[in-house]
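# Survey of secondary and tertiary structure
Here is what each chain is made of, one letter per residue.
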Amino acid sequence: MTADQKKKLALLMLNMFIAVGSFGIIIPIIPTFLKELGQGGTAAGLIIAIFAFAQFVFSPFGGKMADKYGRRLLINSGLLILAISMFIFYFTNSVTLLYISRFIGGVGCAFLIPAIYAYVSDITTMKQRAKGNSFISAAMSLGIVVGPGIGGFLAEYGLKMPLLVSAIVGLLAFIVSFFTLKESKPDDAEVFDGPDQSMIKDIVLSVKKPFFVPLIITLIMSFGLMAYETVLGLFVDDQYGATPQDIAFMVTATGIVGVIVQLFFVDKLVNRFGELIILRAFLVITAIGFFLSIIAGSYRMFFAISLIIFLSTSILRPVLTTLVSKLAGKEQGFAMGMNNAYMSIGNILGPLLAGALYDIRILYPFIAGLIILIATSIFTFMWKGKKLKDMVS
């Protein structure tokens, strides 16, 4: 990559880190904050579901807007909206306003994330795209890992301090991006359907696109990963008597492994074997991981298996995004919007199903995930298409 490409990619990575970190930074303070509002587990679940739902609804709209009006406008708008949502969160003592702030934050991410991936597609060649997407995914993973840690540290200076810092950092990121980030959208980029088209129609339209299959796999991967993460702490506590420190160490370690893999290994693997082979191989590895989770006999064994699962999904995420991008042609904004929407569907449904199954029997979430992953792996091995072969072989 050229120096200019690296500079732009670094700014995009910073924006992605801030977007994801702004959500993770609130995790340590949520239990205490909700208790002060007289709320409990239902409210905690709604905070996650409302955020993901807003992303799901507005991601196709954000993707199309990025195609029509440019990536820069949507990236800057997303950053500003995220900052506003955190300011609302900071100043509110009402659970209703709390929900509103998370909905607004989800809209900000729906505008920001598809535009960032479309920007990466604009500034990279086909050969460079896996590397570019893996760097953005690494920034996302780093935000997931670092956000809660920063939030826990800042909370010592006041329960709402993480919210204020997140809002200020988001506002500064908007200012920097506004004055330094140049438009990347090609003049011949295609615009598909007007922004007034409904999200349901967008999803129906995506079924006919060549990138529909990787979108479905993205949904399934997000579903499985969020389901796994939802019951992870509960499972190791109930099954192995793990302490909060054990759980925190597991989440942090698996996140760090994901970041390292995305930064240094995804590009090499894709260049050597191709996206399709990597996709098939690591879907199978993830399925094996879910099977081993069911029979794990100790916390250490389950920890090691979790590392394998998170390593695999850390590779799958940028590979799937790259497949969608390569198969999208000039529809980058729309495709990335749908990619974010399908991911959000998984993020909504995964925790809901996993929680319900866990209450029936603690192993059921892992069994359900295993069945779904096996079916997906078989389907992926059967998936063949002329355009796919032309693009990734």
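An unreviewed UniProt entry lists the protein under the name MFS transporter, with Kurthia sibirica given as the organism. Its UniProt record, at the heading Subcellular location (unreviewed entry), says of the protein: "Cell membrane". Its UniProt record gives the protein a comment under Sequence similarities (unreviewed entry), which states: "Belongs to the major facilitator superfamily. TCR/Tet family."

### Section: the packing of aromatic side chains
Evaluated as defined, the whole model comprises 17 aromatic pairs. An angle of 85° between the planes, with centres 5.8 Å apart, marks the rings of Phe-235 and Tyr-240 as edge-to-face. What makes Phe-235 buried here is its relative accessible area of 0%. Seen from their ring centres, Tyr-299 and Phe-303 are 6.0 Å apart, and the 40° between their planes marks the pair as tilted. Placement of both Tyr-299 and Phe-303 in helix 13 (residues 299–328) is noted, with a separation of four residues, approximately one turn of the helix. Per residue, the accessibility class of Tyr-299 equals that of Phe-303, and both read buried. The structure contains a cluster of three or more aromatic residues connected by ring pairs, namely Tyr-228, Phe-235, Tyr-240, Phe-290, Phe-302, Phe-310 and Phe-366.

### What to know about empty space enclosed by the protein
In this structure the tally under the stated criterion is four cavities of 30 Å³ or more. In this structure, the largest cavity spans a volume of roughly 60 Å³. What lines the largest cavity is simply Ile-220, Met-221, Gly-224, Leu-225, Leu-283, Thr-286, Phe-290, Thr-313, Leu-316 and Leu-373. Among the secondary structure elements, those contributing two or more residues to the lining of the largest cavity are helix 9 (212–240), helix 12 (275–295) and helix 13. Of the residues that constitute the lining of the largest cavity, the class distribution is seven nonpolar, three polar and no charged. Size it by volume and the second largest cavity reaches roughly 50 Å³. Around the second largest cavity, the lining residues are Ile-18, Ser-22, Leu-79, Leu-82, Ala-83, Met-86, Ser-166, Ala-167 and Gly-170. Top contributing element to the lining of the second largest cavity by residue count: helix 4 (residues 71–91), with four residues.

### Section: the pattern of salt bridges
Taken as a whole and assessed by the stated rule, the structure comprises four salt bridges. In this structure, Asp-4 and Lys-8 form a salt bridge, with 3.2 Å as the shortest nitrogen-oxygen distance. With Asp-4 and Lys-8 both in helix 1 (residues 3–24) and four residues apart, the pair spans about one turn of that helix. Judged by relative accessible area, which is 44%, Asp-4 ranks as partly exposed. Classification of Lys-8 as partly exposed rests on a relative accessible area of 21%. A salt bridge links Asp-122 to Arg-71, with the shortest nitrogen-to-oxygen separation between them at 2.7 Å. One end of the pair, Asp-122, is in helix 5 (residues 95–123); the other, Arg-71, is in helix 4, with 51 residues separating them in the sequence.

### Focus on the environment of Leu-9
Assignment of secondary structure puts Leu-9 in helix 1. Along the chain, Leu-9 and Ile-123 lie 114 residues apart, while their C-alpha atoms are 8.7 Å from each other. Setting aside anything within four residues of it in sequence, one finds Leu-9 in contact with Met-1, Val-120, Ile-123, Gly-132, Phe-135 and Ile-136.

### Side note on the side chain of Arg-280
Structurally, the position occupied by Arg-280 is in helix 12. The side chain of Arg-280 sits in the buried core without any salt bridge; Glu-275 is the nearest counter-charge, 12 Å away. Not counting the four nearest positions on each side in its chain, Arg-280 is found in contact with Thr-380, Phe-381 and Trp-383.

### What about the packing of helix 12 against helix 13?
Two numbers describe how helix 12 lies on helix 13: the axes approach to 9 Å, and their chain directions differ by 150°. Taken together, helix 12 and helix 13 sit at an angle that is classed as roughly antiparallel. Crossing angle aside, the handedness with which helix 12 passes helix 13 is left-handed.

What counts, and where the lines are drawn
Residues numbered from 1 in each chain as written. Predicted model: local features only at pLDDT ≥ 70, side-chain atom pairs only at ≥ 80, totals over all residues. Heavy atoms only, no water. UniProt positions renumbered as here; feature names shortened; annotations may be inferred. Phe/Tyr/Trp six-rings, centres within 6.5 Å; stacked < 30°, edge-to-face > 60°. Buried < 20%, exposed > 50% of the residue type's maximum accessible area, 1.4 Å probe, protein only. Helix = DSSP H or I, 4+ residues; strand = E, 2+ residues; numbered from the N terminus. 1 Å grid on protein atoms, 1.4 Å probe; cavity = no way out; pocket = protein on both sides within 12 Å on 5 of 7 lines; lining within 4 Å. Points joined across faces, edges and corners; volume = space filled by probe spheres on them. Nonpolar A, V, L, I, M, F, W, Y, C, P; charged D, E, K, R; others polar. Salt bridge = Lys/Arg side-chain N within 4 Å of Asp/Glu carboxyl O. Contact = heavy atoms within 4.5 Å. Lys, Arg positive; Asp, Glu negative; His and termini not counted. Axes fitted to C-alpha atoms, helices over the stretch in contact; angles between N-to-C directions. Parallel < 35°, antiparallel > 145°, perpendicular 65-115°, else oblique. Left-handed = near helix turned anticlockwise from the far one by under 90°.

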